[in-house]
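Understanding the architecture of this molecule
Residues per chain, in single letters:
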Amino acid sequence: MRSATEINSLINSRSLCRCCECLRCCGRRDPRPRTVWLGHPEKRDQRYPRNVINNQKYNFFTFLPGVSMAKFKYFFNLYFLLLACSQFVVEMRLGALYTYWVPLGFVLAVTVIREAAEEIRCYMRDKEVNSQIYSKLTARGRLRGSGILVPADMIFLRTSEKNGSCFLRTDQLDGETDWKLRLPVTCTQRLPTASDLLQIRSYVYAEEPNIDIHNFVGTFTREDSDPPVNESLSIENTLWASTVIASGTVVGVVLYTGRELRSVMNTSNPRSKIGLFDLEVNCLTKILFGALVVVSLVMVALQHFAGRWYLQIIRFLLLFSNIIPISLRVNLDMGKIVYSWVIRRDSKIPGTVVRSSTIPEQLGRISYLLTDKTGTLTQNEMVFKRLHLGTVAYGLDSMDEVQSHIFSIYTQVQLTGSETGDPAPAVKGLSLATKVRRTMSSRVHEAVKAIALCHNVTPVYESNGVTDQAEAERHYEDSCRVYQASSPDEVALVQWTESVGLTLVGRDQSSVQLRSPGGHILNFTILQIFPFTYESKRMGIIVRDESTGEITFYMKGADVVMAGIVQYNDWLEEECGNMAREGLRVLVVAKKSLTEEQYQDFEARYVQAKLSVHDRSLKVATVIESLEMEMELLCLTGVEDQLQTDVRPTLETLRNAGIKVWMLTGDKLETATCTAKNAHLVTRTQDIHIFRLVTNRGEAHLELNAFRRKHDCALVISGDSLEVCLKYYEYEFMELACQCPAVVCCRCAPTQKAQIVRLLQERTGKLTCAVGDGGNDVSMIQEADCGVGVEGKEGKQASLAADFSITQFKHLGRLLMVHGRNSYKRSAALSQFVIHRSLCISTMQAVFSSVFYFASVPLYQGFLIIGYSTIYTMFPVFSLVLDKDVKSEVAMLYPELYKDLLKGRPLSYKTFLIWVLISIYQGSIIMYGALLLFESEFVHIVAISFTSLILTELLMVALTIQTWHWLMIVAELLSLSCYIASLVFLHEFIDVYFIATLSFLWKVTVITLVSCLPLYVLKYLRRRFSPPSYSKLTS
C-alpha cells in the first residue's frame, strides 16, 4: 500500500509501480505524447509530476517574499516602510525610532501570522486528501475497490463485473450526473487473471496531456502475441481522476498524474484575492498622500523656501505622516478576523468555514451570483411525481391506485393461467384484449410495463452482510439490489415501477427480467436498443416477450420530438406544458407492435446501414425513423430533481436584494431549464428564450438579433453556442445577457464557467460570487471575486478551493444578507473613523506649526503619539466591528437593505469628504481652543489639547455607534481609565499638578463640547427629517 502523496494509486503492473514511484516534479516541460510500458520500467521515456493536490498560495521559500509583496503593494504600507527607514538618517529624525518601527512591525506581524495560519490550515486539508490510501496491483494481485474516487488518469484494463464493463460517475469532473459506461481494453479483459497483466509484454501509447475531458486518442499494443495485437483507445476506455467507480473492482494503468490530470488542467491556480473595499481604501490613502504633500509644500512655501528647503519638505512630510494612518491596515485586518470568527460561530449557518479571511467585505456587495446546478441547487435525487394517461393523471397521493391496477391485471393472469394450466395463453389473451376497448387497468399496465422495459438501467446485487453477492443475484434479493444507469431520471422511473409492483430484477446485453406482483419472472429478449443522444432526444428498445413471442418497439423521449412520432391526439401538447410549468422533467412514452416479418425486414436494413462506409450515421437514422411512425401514445411521466432545502426562498431573497443569478451547469439543456423553472430562478411570468445551437458567425448574428427583440426574458444557452458567440460577438452577447433577469448556461466546460465569470467582471465592473460543490466548479470559484463551496455528495474539492465553505445553499442568503452586509458597513465605518482620528491630530499639528512660524516641530512626542492611536483610542474605535444598524432577522426579512450597499455609499468620496471636514473642524477647534485658553506654560497647551482630543474621540465613537454592545461600553471605560492612570507617568509631557485643577477641567469640558455638540445636533436633525432606510425598520 502506498499513500496518495507518492502516487495516489498506481494500479498497474509491478514494473509500472516501480516506474511511477519515480513520479517526481522535475520542472515544467512542454506536454508530450507518451508510451507507458507494462513490465518494462527501463523503457520509460520521461518522468512525471507527483500526484498531489495543492491549494496553497505559497510554499516554504516563497511565503515571506510573497506575503511581503502582497503587503507592500498597498501604497500606504510601502509609504510607511520608507518613512520608518528615513528615521535612520539623523537629519530627518523627528523622534525615537520605536515610534515608527513598532507600529509597522506590529502590522506586519499580524499579517504574517494570519497568512501563516491560513496556509497551515490549507496544507493540512491538502495533506488529508493526498494521504488517502489506494491499492495497487502487485505480484500478490491487490486490486482497487469500487465506490472510490479514481486517483489518477488511467486506461481501463480489467473489471470484475460479469458483463465486462463498468459505470462511472463524472459529476466531479464535468458536472453531469449521468453514469457513463466504460469498457476495458479487450485484450487485457480476456486474460484469465489480473496477475497475468504482469506477464505480458505490452504498452499504451497516449496523446499529450490536454484539457479535453470528452475525447482521448491512444493505442494499446501487445507484442508477445502472434500476431501482435493493436487496439485503438478512445474516451470509452478511460478512467479520469476524480470520477467514481460504480461497482466491482477495476484495474488500470496510470497515464497522467499531478498537474497533467484532466481535472487539474481544467482548474486555475489559486490566487491571492484583493477585495474591492481594500482597493477603495488604498485609493483614499493616495488622496491623503496628495494632501500630505500639498500641506508640506504650503508650509515650506510660506517660509519662502528659505535655507535647505528640500530637507524641510521631507521633515514636514514626516511631521504630518499621521495624515495616512498606519493603524488603518491593522485595524481592518483584525476586523476581518473578527468577521470570520462571527461567521464561524453563527448557529444558524452551522458548518460554515471561512477559508480566506481577507475578503469578508466582498460578501456585502455582490451583484452577480453564478451557481452550479447539480448538488448545489438540487440534491441530485430524482423523484417520480406524475403519470398522465390523457384522460386521467396519477400523482404521489394516488399511486396506490396504480398499484391496485397492476395487481388486478396480474391476479387475473394468474387465475386464468391456473384454470388452463398454462399461463402463457392468458398473457396472450390479455394482449389481444388490449386491441378491443381496453379497461383502465390494462392501459395503466401497458404504460408501467413500457417504463419498466424502455431504459438502460442495470440492476446490480451487492453483499449486505447477511446474503453474499452470488446468492443475492440468484434469488433477486430486494435488499441487495442497486440500480445503475447513465441517467438518474431512468433510475427514478425504474424505482417507481418497482414501487407499484413491476420490478426490474435482471438485465444483461441481450435480455431483461421483470418480476410481477405475484413473484413470477417475466423474461424479455432485447433485440435492438437505440440509446439516447443529445441530438435525437429520445431512446428506443425492441424486445420479444419470451412467453408469447410478441415483438414490441418501445420509445420514450422529449415532447418536442415525440409529438411528430405518435398518433394524433389532442392532449399531449397541453399536458406537457402544464407539467413543465410545475418544474417536472417530462418524457413521452409510446409503443408499436411488430410482426416477425416486419422486424426481420427492419433488421436486415439496419445491419446493412451499419456496415455502410459512407454516411453511416445518416443511413442508420433513416432506417430507425422508418419504424418511428404512428406509434401508440401510452403515457407521460413527470420526474422532479429534488431541490435543496429552501432554494426557492433563498433565490427570491437574492433577487430582491438586487443580485442577478446565473446558473452554469454541465448538464443537459432540458434538465437545466426544468431546474430553473422548478427553483423559480425563472419566475412564472417571465418568458424563456432558448438560444438555438449555432456553429458559425452568420448563425450567431441571426440568433443574437432574434434575442435582441425579446424583453425581460430569461436566456438559456448551451456551451457550444456560447463559445461561438464569445468568439465573434463577445461585447454584444455580454451586453444582452447582462440585461436578462436570469441566465442559464448548460453543457458548460469548467474553463467556460471561469471564462464567464471573468467576462462579467471585465464588462460590468461589478462583484461576482461563484457557488459550486464539485471539482468542475473550482475554476469558477477561484476566478470569482468571492468563491463559495458547498460541501455535499460530490466531495470537498470545491469547498477546499473556495473562500467560504457552507453546508447548504440556503445558508448563502444569511451569509450575504447578514454577514456580508455587516462586514462591509462595519469596515466602512471603521476605516473612516481611523482616518478621522489621524486627520484630527494632523490638523492640530498643522495649526500648531502655522501659529509657531511654520516650524517643523512635533506637537506631541514619544509615548503620547503612540498611545493616542493604541491604548487610548484603539479599543473604542475597534469596537465598531461589533456595531450593526438592524437585527439579523430584519436584514433577512428586508433584502432590499442589501441593495443599498451595491452603490458603495457606506464608503464613498462623499462620505470621505464629510469625515475630512469633521476632522478639520474638530482638530481646529481643539487646537485653537487650547491656544486661547492656555495660561503660561507650553505643557498646558499639550495637556488641554491632548485630553480634549482623547475625550472627543471617545464621544465621536459613541456618536457613530448605532447598536450598543456591552463590549463597547467596556472599551470606552477602559480607554478612559487607561488615560487617567497613565497621566501619573507622563510628567515629561504633561503637568500633573495642572490637570488636577478646576481651570483645567472647565477648559477641557468647553473645548470638547464645542467640538462634539454641533455634530450631535446635526445627527439628530438628519435622523429626524431624513432618516436612512434601516431606521424606518428599527423604529
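These numbers come from a predicted model, not from an experiment.

**Details of the overall build of the protein chain**
In terms of regular secondary structure, the protein chain is built from 37 helices and 32 strands. Per-residue burial over the protein chain gives 55% buried out of 1035 residues.

**A word on the environment of Leu917**
The residue Leu917 is located in helix 33 (residues 909–933) in this model. A relative accessible area of 52% means that Leu917 is categorised as exposed. Along the sequence, Leu917 and His836 sit 81 residues apart, while their C-alpha atoms lie 9.2 Å from each other.

**A short note on the nonpolar core**
Counting residues in each nonpolar core, the largest one holds 53 residues, and the members touching the most others are Phe80, Phe277, Leu288, Leu830, Phe833, Leu907 and Met956. With near-sequence residues (within four places) excluded, Phe277 lies in contact with Leu332, Glu361, Gln362, Arg365, Tyr824, Ser827, Ala828, Ser831 and Leu907.

**Re the sheet that holds strand 4 (residues 153–159)**
With antiparallel pairing, the three strands of this open sheet are ordered in space as 10-4-12. The sheet terminates laterally at strand 10 (238–239) and strand 12 (250–256), the two strands that pair on one side only.

**Quick word on the packing of helix 23 (residues 719–728) against helix 24 (residues 730–739)**
Put simply, helix 23 and helix 24 touch, their axes get as near as 5 Å, and they point 120° apart. In this view, helix 23 runs oblique relative to helix 24, as classed from their interaxial angle. Where helix 23 approaches helix 24, its residues Leu722, Cys725, Leu726 and Tyr728 are matched on the opposing element by Glu730, Phe733 and Met734. Partitioned by chemical class, the residues of the contact of helix 23 with helix 24 number six nonpolar, no polar and one charged.

**Some thoughts on the sheet that holds strand 32 (residues 804–806)**
Sheet architecture is open: nine strands sit in the order 13-32-31-30-14-26-29-28-27, paired in mixed fashion. The sheet terminates laterally at strand 13 (353–354) and strand 27 (687–690), the two strands that pair on one side only. With four bridges connecting them, strand 27 and strand 28 (residues 713–718) associate as parallel partners. Looking at strand 28, one finds that Ile688 is bridged to Ala714.

**Quick look at the packing of helix 22 (residues 697–708) against helix 24**
In contact at an axis separation of 11 Å, helix 22 and helix 24 are set at 25° when each is read in the N-to-C sense. The pairing of helix 22 with helix 24 is recorded here as roughly parallel in orientation. Classified by chirality, the crossing of helix 24 by helix 22 is left-handed. Here Leu704, Phe707 and Arg708 of helix 22 come into contact with helix 24, specifically with Glu732, Phe733 and Leu736.

**Section: helix 19 (residues 616–627)**
The terminal C-alpha atoms of helix 19 lie 18 Å apart, and with twelve residues this matches the ideal 16 Å at 1.5 Å per residue to within 8%. Val620, Val623, Ile624 and Leu627 are the residues of helix 19 that are buried. All buried residues of helix 19 lie within an arc of 95° about the axis, which places them on one face of the element.

**Considering the side chain of Gln528**
Relative to the helices and strands, Gln528 resides in strand 21 (residues 521–530). Reaching out from Gln528, the side chain makes a polar contact with the side chain of Tyr599 at a distance of 3.4 Å. When neighbours within four sequence positions are excluded, Gln528 is seen to be in contact with Ile541, Ile542, Tyr599, Phe602, Glu603 and Tyr606.

**Some words on a nonpolar patch on the surface**
Among the surface-exposed residues, Leu955, Leu1009, Leu1013, Tyr1016, Val1017, Leu1018, Tyr1020, Leu1021 and Phe1025 lie close enough to one another that they form a single nonpolar patch of about 910 Å² accessible area. Along the polypeptide, Val1017 turns up in helix 36 (residues 998–1025).

**Structural notes on the UniProt feature "active site" (unreviewed entry) in the protein chain**
Residues given the UniProt feature "active site" (unreviewed entry) here are Asp372. Turning to its location among the elements, Asp372 is positioned in the loop between strand 14 (366–371) and strand 15 (378–388). Residue classification places Asp372 among the buried residues on the basis of a relative accessible area of 1%. At 3.5 Å, the side chain of Asp372 forms a polar contact with the side chain of Lys753.

**Examining the pattern of salt bridges**
Oppositely charged side chains can pair when the atoms bearing their charge come close. Tallied over the entire structure, the rule returns 26 salt bridges. Between Glu446 and Lys591 there is a salt bridge, with its nearest N and O atoms 3.2 Å apart. You can see Glu446 sitting in helix 13 (residues 440–453) and its partner Lys591 sitting in strand 24 (residues 585–594), a full 145 residues away along the chain. The pair formed by Glu446 and Lys591 is uniform in burial state, with each residue classed as buried.

**Section: the pairing of strand 7 (residues 202–206)**
Counting buried positions over the five residues of strand 7 gives four, a clear majority of the element. Strand direction decides the pairing type here: strand 2 (residues 34–38) and strand 7, joined by five bridges, are antiparallel. By the bridge assignment for strand 7, Leu38 is matched with Ser202. In this sheet, strand 8 (residues 218–222) lies alongside strand 7 in antiparallel orientation, the contact comprising five bridges. Within strand 8, the residue paired with Tyr205 across the bridge is Thr219.

**A few points about the confidence of the model for the protein chain**
Looking at the protein chain as a whole, the pLDDT averages 82, with 87% of positions reaching at least 70. Of the regions scoring below 50 in pLDDT, residues 1–28 engages in 100 contacts with residues more than four places distant in sequence or in other chains.

**Points about the packing of aromatic side chains**
For the structure on display, the rule yields 19 aromatic pairs. Put simply, the rings of Phe530, Phe553, Tyr599, Phe602 and Tyr606 touch in pairs and so form one group of aromatic residues. Above the plane of the ring of Phe1025 lies Arg1024, whose end atom (NZ or CZ) is 5.6 Å from the centre.

**Quick look at helix 35 (residues 966–982)**
The end-to-end C-alpha distance of helix 35, which contains 17 residues, comes to 24 Å, matching closely the 24 Å that a straight helix rising 1.5 Å per residue would cover. Here helix 35 has its buried residues at Met968, Ala971, Glu972, Ser975, Tyr979 and Ser982. Buried residues of helix 35, viewed axially, fall in a sector of 120°; they line one side. Residues of helix 35 that are exposed and point over 90 degrees away from its buried face: Trp966, Leu973 and Ile980.

**Observations concerning a positive patch on the surface**
Residues Lys899, Lys903, Arg905, Lys910, Arg1022 and Arg1023 make up a contiguous surface patch of positive charge. Residue position: Arg1022 is located in helix 36. Judged by relative accessible area, Arg1022 falls into the exposed class, the value being 56%.

**As for the pairing of strand 26 (residues 660–664)**
Extensive coverage of strand 26 is indicated by the burial of four of its five residues. The pairing of strand 14 with strand 26 spans four bridges and is parallel. Paired with Leu370 across the strands is Trp662, a residue of strand 26. Where strand 26 and strand 29 (residues 742–746) come together, four bridges link them in parallel fashion. In the sheet register, Met663 faces strand 29, and the bridge partner there is Val744.

**Structural notes on the environment of Cys713**
Along the chain, Cys713 turns up in strand 28. The sequence separation of Cys713 and Cys740 amounts to 27 residues, and the corresponding C-alpha distance is 6.0 Å.

**Considerations on the state of the cysteines**
Per the stated rule, a full pass over the model turns up zero disulfides. Sulfur of Cys840: no disulfide; nearest cysteine sulfur belongs to Cys1012 and is 9.0 Å away.

Definitions and limits used
Residues numbered from 1 in each chain as written. Predicted model: local features only at pLDDT ≥ 70, side-chain atom pairs only at ≥ 80, totals over all residues. Heavy atoms only, no water. Helix = DSSP H or I, 4+ residues; strand = E, 2+ residues; numbered from the N terminus. Buried < 20%, exposed > 50% of the residue type's maximum accessible area, 1.4 Å probe, protein only. Core = buried A, V, L, I, M, F, W, Y, C linked by side-chain atoms within 4.5 Å. Contact = heavy atoms within 4.5 Å. Pairing = 2+ DSSP bridges. Axes fitted to C-alpha atoms, helices over the stretch in contact; angles between N-to-C directions. Parallel < 35°, antiparallel > 145°, perpendicular 65-115°, else oblique. Nonpolar A, V, L, I, M, F, W, Y, C, P; charged D, E, K, R; others polar. Left-handed = near helix turned anticlockwise from the far one by under 90°. Expected span 1.5 Å × (residues − 1). Arc of directions from axis to C-beta. Polar contact = N/O pair within 3.5 Å; in protein donor to acceptor, adjacent residues only side chain to side chain. Patch = residues over 30% accessible without salt bridge, like charges linked within 9 Å, V, L, I, M, F, W, Y side chains within 5 Å. Areas by Shrake-Rupley, 256 points an atom, 1.4 Å probe, with all protein chains shown as cover. Salt bridge = Lys/Arg side-chain N within 4 Å of Asp/Glu carboxyl O. UniProt positions renumbered as here; feature names shortened; annotations may be inferred. pLDDT = per-residue confidence, 0-100. Phe/Tyr/Trp six-rings, centres within 6.5 Å; stacked < 30°, edge-to-face > 60°. Lys NZ or Arg CZ within 6 Å of the ring centre and 35° of its normal. Lys, Arg positive; Asp, Glu negative; His and termini not counted. Charge placed at Lys NZ, Arg CZ, Asp CG, Glu CD. Disulfide = S-S within 2.5 Å.

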